[in-house]
Structure formats: structure tokens, C-alpha cells
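# Remarks on the overall topology
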Amino acid sequence: MMEVLWVAIAGAMGAVSRFAVSSWTRMLWGETFPYGTLAVNVVGCLLLGLVMTSSLLDDLLPLHLRMALTIGFLGAFTTFSTFGYETMRYVESGDWTTAGLNVSANVILGLVATFGGIWLGRQFFGTL
């Protein structure tokens, strides 16, 4: 039961963090492209790569904390459903260039960030 509570608390923090990052990017760069969704997805990929790699290499994070960070915080922080919706809105409006750019940026930058998180985890905690 405590694991559920940890995940719920971390999920609330992830959702609030997502809102904050999305609002901040909207203020910086406007609404011509879903920069907020891209930012949280890339940062989320980086953090998931780091947390999972470090957890597999070192017992630094207890299971309940790893679950809270990955399932709770990052699960609420990243926004694949929003990414899908925003992309389809571009497709429906005939803006295939922006739709393709959105898909490419999220996939490529997400994979690069995941690799970066894995690399950071290995630098701090060793290799698998």
C-alpha cells in the first residue's frame, strides 16, 4: 500500500512539473510549435535512462523510490498522449511539415536523451 502512496505523490509532483515546464516554454517560445511537450518528453527520456541505469547498477535507490520516480513522477511528467493529439491536429489541418517535424523531434531527441541518461548512469555507477 505504501508503494501506491509513493507513486501517487510522485505522480502529482510530475503533473505539476509538466504544467510548469509547458507554461514556461510557452512564455519563452510561443505556441507555434508544441515546445512544452517536446521539452518534457526529452527531459523525461533523459531522466528515465539515468534512473533505470543507475538503479540497475547500484542499490542507491530502493524499489519504492525507483517506482515513485519512474511510474509516478516520470509517468505523469511525460506526455505521449498530448504528443499524439498535437501531431494529429497538424495532420488534420494539412500541416504535414510541422507534424513530421514534431514526430521527428520527439523521437530523435527522446532517443538521444535516453542514451544520454544511460551514459550518465554508467559514468556515475559503472557499466552493466
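Residues numbered from 1 in each chain as written. Predicted model: local features only at pLDDT ≥ 70, side-chain atom pairs only at ≥ 80, totals over all residues. Heavy atoms only, no water.

This paragraph deals with the overall build of the chain. Looking only at helices and strands, one finds five helices and zero strands in the chain. Ordered by position from the N terminus, the helices and strands of the chain form the series α-α-α-α-α. Principal axes of the C-alpha set define a box for the chain whose edges measure 50 × 30 × 25 Å. Sorting the 128 residues of the chain into buried and exposed places 33% on the buried side. In the chain, of all internal contacts separated by at least 6 residues, the share reaching a separation of at least 24 is 75%. (Helix = DSSP H or I, 4+ residues; strand = E, 2+ residues; numbered from the N terminus. Buried < 20%, exposed > 50% of the residue type's maximum accessible area, 1.4 Å probe, protein only. Contact = heavy atoms within 4.5 Å.)

There is about 260 Å³ of room inside the largest pocket. Along the wall of the largest pocket there are 15 residues; nearest its centre are Arg26, Phe33, Pro34, Thr37 and Glu86. At the level of secondary structure, the elements contributing two or more residues to the lining of the largest pocket comprise helix 1 (2–29), helix 2 (35–57) and helix 4 (80–92). A class-by-class count of the residues in the lining of the largest pocket yields four nonpolar, six polar and five charged. (1 Å grid on protein atoms, 1.4 Å probe; cavity = no way out; pocket = protein on both sides within 12 Å on 5 of 7 lines; lining within 4 Å. Points joined across faces, edges and corners; volume = space filled by probe spheres on them. Nonpolar A, V, L, I, M, F, W, Y, C, P; charged D, E, K, R; others polar.)

Between helix 2 and helix 5 (residues 96–125), the shortest axis-to-axis distance is 7 Å and the interhelical angle comes to 30 degrees. Taken together, the axes of helix 2 and helix 5 lie roughly parallel to each other. For helix 2 against helix 5, the interelement crossing comes out right-handed. (Axes fitted to C-alpha atoms, helices over the stretch in contact; angles between N-to-C directions. Parallel < 35°, antiparallel > 145°, perpendicular 65-115°, else oblique. Left-handed = near helix turned anticlockwise from the far one by under 90°.)

This part takes up the nonpolar core. If you look at the biggest cluster of nonpolar residues, it comprises six residues: Ala10, Val40, Ala68, Phe73, Leu74 and Phe77. With four residues, helix 3 (residues 63–77) is the largest single contributor of residues to this core. (Core = buried A, V, L, I, M, F, W, Y, C linked by side-chain atoms within 4.5 Å.)

This part covers a nonpolar patch on the surface. On the surface, a nonpolar cluster with roughly 510 Å² of combined accessible area is contributed by Met2, Leu5, Trp6, Ile9 and Met13. By secondary structure assignment, the location of Leu5 is in helix 1. (Patch = residues over 30% accessible without salt bridge, like charges linked within 9 Å, V, L, I, M, F, W, Y side chains within 5 Å. Areas by Shrake-Rupley, 256 points an atom, 1.4 Å probe, with all protein chains shown as cover. Salt bridge = Lys/Arg side-chain N within 4 Å of Asp/Glu carboxyl O.)

A few words on the packing of aromatic side chains. Counting across every chain of the model gives six aromatic pairs. Between Phe33 and Tyr35 the ring centres are 5.1 Å apart and the planes differ by 55 degrees, which places this aromatic pair in the tilted class. Judged by its relative accessible area of 29%, Tyr35 is partly exposed. Here the aromatic rings of Phe73 and Phe77 are separated by 5.5 Å at their centres, their planes lie at 15 degrees, and the arrangement is stacked. Of this pair, Phe73 and Phe77 both sit in helix 3, four residues apart, roughly one helical turn. Residues Phe73 and Phe77 agree in their burial class; the two are buried. In textbook terms, an aromatic cluster arises when at least three aromatic residues are bridged by ring pairs, as seen for Trp24, Trp29, Phe33 and Tyr35. (Phe/Tyr/Trp six-rings, centres within 6.5 Å; stacked < 30°, edge-to-face > 60°.)

Attention shifts here to the side chain of Ser55. Along the chain, Ser55 turns up in helix 2. A polar side-chain atom of Ser55 sits 2.7 Å from the main-chain carbonyl oxygen of Val51. With sequence-adjacent residues up to four places away left out, Ser55 is seen in contact with Leu61 and Arg66. (Polar contact = N/O pair within 3.5 Å; in protein donor to acceptor, adjacent residues only side chain to side chain.)

From the geometry alone we can't say anything about function, so treat these as descriptive.
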